[in-house]
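Survey of secondary and tertiary structure
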Amino acid sequence: MDRHTHKRRASLLGIGKRAAVTVLLGAACLAVPMSESADEQPQVRFRSSSVITLSWQRDQPQVCCPEIKQILLHTDEGQALRPLAIGRDQQLTGFRDDRSPVVEQRLHLLFARPVPASRTISLQLDDSHTSLTYNDSQVHGSVQVNQVGFATSARKTAFAGAWLGDAGGMPVSAEHFELIDTANDTVVFRGPLRLTHAADSWSGNDVHIADFSSFQTPGSYRLRVAGLGVSDVFRIDDDVYDQVYRRVSRLFYHSRNSMRIEAPWSDPGFERSAGVPGHLDGIVHPRVFESRLGAGPIEGNFHPVAGGWFDAGDYGQYVTNAAPVWYQIGAAMDLAPLNFEDGDLNIQESGNGIPDILDELEWGMSWALSMQSEDGGVFWRIASQRWDSGLPGDITRPRLIAERTTHATAVFAAMASISARLIRQYRPDRAASLESAARSAWQFIREKPQWPPEGESFKNPEGVHAGEYPDLSAVDAIAWAAAEMFRLTGEREFLDAFETRFRSVDLDPTAPVSFRDQGMAAAWAYLMTPDPRRDPELTAQASRAFIAGADWRLRQMDTHPFRAPQHPAIQLTGWGNFAHSTRATLPLLQAWLLSDRDAYRLAAWETPGPQLGANPQALSYITGVGARYPANPLSKLSQYDQVREPLPGIPVNGPHYHLPALWPETRAVNDAYFPPGKPPSENLVDGYPALRRYTDSEFIPPMSEPTVAEIATTAIAFGLLRDQRKAFGPKVNQAHAPRVAERSASVVAGPVLEE
């Protein structure tokens, strides 16, 4: 990445210019002059009426925190109060343009007596005095809520609490909360504030929950907790997630290769003149010609590739990692086809009578077809030798086409089959062409040896720096291809091929469908195919897998302090398994469709919470969505544009327990935490809380770089939940649901899935 030419943004998490700390949560943050050095001027803000937090920016991790010999709080009654407790913590919050770190140190001052609202007090730090006023109607970050809102009939919860560093969770004395209608500032609901997790090891908080599920009147609201202030504003409405769906889904349009992105379809300011120059897309790498599957019938070393979307923060395009996009969209059309319409996304194809999400899939399919050789084999990747700088049209180095693989060819067959099935009613000739491409890929798989061999994965040639997306097995990919081709054609050959391979697939119903795991995608295609020839045992096994996965997610939500459907091992927090909480939405609704158990449907409506701000950082993990969101996602399209704001709709990966020590920046983040960032595994409570380990920086891929697979997962989740009057609401007649459910065998109770 070119550190000198890309654009930097002031972050909402405290990442910014050298001598400034960005205000975290509004007007309660003041600079206190302590010395002539800008680095010694702390920012001051209330966390509650009893807690004041001081923060400093440093160039490097050092002893936490600045020494202050005398701290006194002078009341307007003439009293001088010393802190009852002082907590400390330290975190790397970002990097400057030269990649030097910005470390924030914080002192949390807990006083025995609360500061009365609207009364002026004076905080003395040694010889410095600063006047402060606590306001119970301001956001102090101690009341966390979904910043977009809730469907009218959904469960509605928010959380209260904060962490005071090594002093532990912030005391919360309030016993009730109030729901405020922002239209007239009146209290419309009161409820109890309940402690659910004391000294929570995920967040460091004493976590309190506010439940206002019974309130269902549409409108704009915020919560108020005495002594903690208010939450961010949110909505209650049937279509509360409609705009989130549109915002995230439009990332596909903005990520298109091989075309101009221009008004009136682009978001204002995010236009660009071109994709990657066509003469650079692409050059077949010399190693391809020596590989087990060869390069196929090709003259010279140029193979034209066009269309599709850039995979992630960079401009590579990967067949295996794009494949989950087809699965997500295909499953969504099974569950709620009426949720996806023509004209939804304001793209150039809008108005052609085809749902926009299928038009977008067609753009991806055009690229996938260009990755297929005449003999059916599929090149798995096109990417630059090294990471590019600038916008796509500025690229000057050729992009290299990597080997044909069995894995890529198999998932291509599945992708083409899904596209053929979905487009058939609109463009039958196109569907026939796609079916032919899928058959060609299948024939290639049948006739050629598997490569890489089972148990091995692709490795980059020397000197090439691009994603490897390693997968040690192609069995699940071939099973998925067979299942989708059986669903498309009904032919016995594909049914037999699926059933033979599926028996050896190691299903993990708790994992998302990904470049590595396609077993659940294969199972879903099989279940959605109404054919009496299916094996009853395999049908029941596939059904049980979806139910087991949904039950596992329910258990995680019920025990997690922020009702997140993530793995219970704190040290495994990362790669979006907390911040991408909506990756559970589709599996829960699939299980509901198969079982008609309403608990799954209700849980699906809760899944957006952690992703949209109901988390310890009170942060939405989707750019441009909510009151506060990341400013520096790893997206070259966003870094090199001419707009200060990030490209909207990017679902960053969020908190990561311990970063891989692959780069100086990730090592710096790990090393900066205080309390220590990597405590003994048996003593996680004493370390820096996992759900606070997020640095808003394009230099930290595990935290900041989602791929098209994660973008699709998030977009489809909000597409399914976009309007409870259309689908999945309590009074909606799911007319299509009984018909689809009949395709699967009756769900047979299976063993409880182990943690």
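This text follows the structure it describes.
Everything quoted here is computed from the prediction, not taken from an experiment.

Read across the sheet, 4 strands follow the order β19-β22-β21-β20 without closing on themselves; strand pairing throughout is mixed. Each edge of the sheet is formed by a strand with only one pairing partner; in this case those strands are β19 (281-284) and β20 (317-318). Inspection of the sheet shows strand β21 (residues 381-384) paired to strand β22 (residues 399-401) by 3 bridges, in the antiparallel sense. Looking at β22, one finds that serine 384 is bridged to arginine 399.

This next bit is on helix α11 (residues 585-595). When you tally the buried positions in α11, you get 10 out of 11 residues, the bulk of the element. The complete set of buried residues in α11 reads Thr585, Leu586, Pro587, Leu588, Leu589, Gln590, Ala591, Trp592, Leu593 and Leu594. Count one or two residues on from α11 and you reach aspartate 596, which has phi positive near 65°.

Before going further, it helps to examine the packing of aromatic side chains. Considering all chains together, one arrives at 28 aromatic pairs under this definition. When the ring of tyrosine 673 is compared with that of tyrosine 688, the centres are 4.7 Å apart and the planes differ by 35°; the resulting orientation is tilted. Placement of tyrosine 673 in the loop between α15 (664-672) and α16 (701-704) and of tyrosine 688 in the loop between α15 and α16 is noted, with a sequence separation of 15 residues between them. Accessibility assignment for this pair places tyrosine 673 and tyrosine 688 in one class, buried. By way of ring pairs, the aromatic residues Phe150, Phe177, Phe189, Phe212, Phe215, Tyr221 and Phe234 are connected into one cluster. Above the ring of tyrosine 526, the side-chain terminus of arginine 534 is found at 5.8 Å from the ring centroid. Positioned above the aromatic ring of tyrosine 673 is the side chain of arginine 693, whose terminal nitrogen or guanidinium carbon lies 5.2 Å from the ring centre.

Now for the environment of alanine 521. With respect to the helices and strands, alanine 521 occurs in helix α9 (residues 519-527). Expressed as a C-alpha distance, the spacing of alanine 521 and alanine 477, which sit 44 residues apart in the sequence, is 9.0 Å. Leave out the neighbours within four places in its chain, and alanine 521 touches Tyr327, Trp480, Glu484 and Val513.

With that settled, consider the sheet that holds strand β8 (residues 120-125). In space, the 4 strands of this open sheet follow the order β5-β4-β8-β9, with antiparallel pairing throughout. Strands with a single pairing partner mark the edges of an open sheet, and in this sheet they are β5 (80-81) and β9 (128-133). Across 2 bridges, the pairing between strand β4 (residues 71-74) and β5 is antiparallel. Bridging across to β5, leucine 73 finds its partner in leucine 81.

Our focus in this paragraph is the side chain of histidine 254. Tracing the chain through its elements places histidine 254 in helix α1 (residues 242-254). Separated by 3.2 Å, the side chain of histidine 254 and the backbone nitrogen of aspartate 267 make a polar contact. Those residues in contact with histidine 254 that sit more than four places away from it in its chain are Ile261, Ser266, Asp267, Phe270, Arg272, Leu637 and Leu647.

This part takes up the side chain of glutamine 617. Relative to the assigned elements, glutamine 617 resides in the loop between α13 (608-611) and α14 (636-639). Glutamine 617 gets classed as buried once you look at its relative accessible area, which sits at 19%. Side-chain polar atoms of glutamine 617 contact the side chain of tyrosine 621, separated by 2.7 Å. A polar contact is formed between the side chain of glutamine 617 and the backbone oxygen of arginine 692, at a distance of 3.4 Å. Ignoring anything within four residues of it in the chain, the contact list for glutamine 617 reads Pro655, Leu691, Arg692 and Tyr694.

So, on to the packing of helix α6 (residues 428-447) against helix α8 (residues 492-502). Packed helix pairs are specified by the crossing angle of their axes together with the interaxial distance, meaning the distance between the axes. Axis separation between α6 and α8 bottoms out at 13 Å; the angle between their running directions is 50°. Classified by the angle between their axes, α6 and α8 sit oblique to one another. When you trace α6 past α8, the crossing you get is left-handed. On α8, the residues touching Arg439, Trp442 and Arg446 of α6 are Glu493, Phe494 and Ala497. Classifying every residue of the contact of α6 with α8 gives 3 nonpolar, no polar and 3 charged.

The rules behind the values
- Residues numbered from 1 in each chain as written.
- Predicted model: local features only at pLDDT ≥ 70, side-chain atom pairs only at ≥ 80, totals over all residues.
- Heavy atoms only, no water.
- Pairing = 2+ DSSP bridges.
- Helix = DSSP H or I, 4+ residues; strand = E, 2+ residues; numbered from the N terminus.
- Buried < 20%, exposed > 50% of the residue type's maximum accessible area, 1.4 Å probe, protein only.
- Phe/Tyr/Trp six-rings, centres within 6.5 Å; stacked < 30°, edge-to-face > 60°.
- Lys NZ or Arg CZ within 6 Å of the ring centre and 35° of its normal.
- Contact = heavy atoms within 4.5 Å.
- Polar contact = N/O pair within 3.5 Å; in protein donor to acceptor, adjacent residues only side chain to side chain.
- Axes fitted to C-alpha atoms, helices over the stretch in contact; angles between N-to-C directions.
- Parallel < 35°, antiparallel > 145°, perpendicular 65-115°, else oblique.
- Left-handed = near helix turned anticlockwise from the far one by under 90°.
- Nonpolar A, V, L, I, M, F, W, Y, C, P; charged D, E, K, R; others polar.

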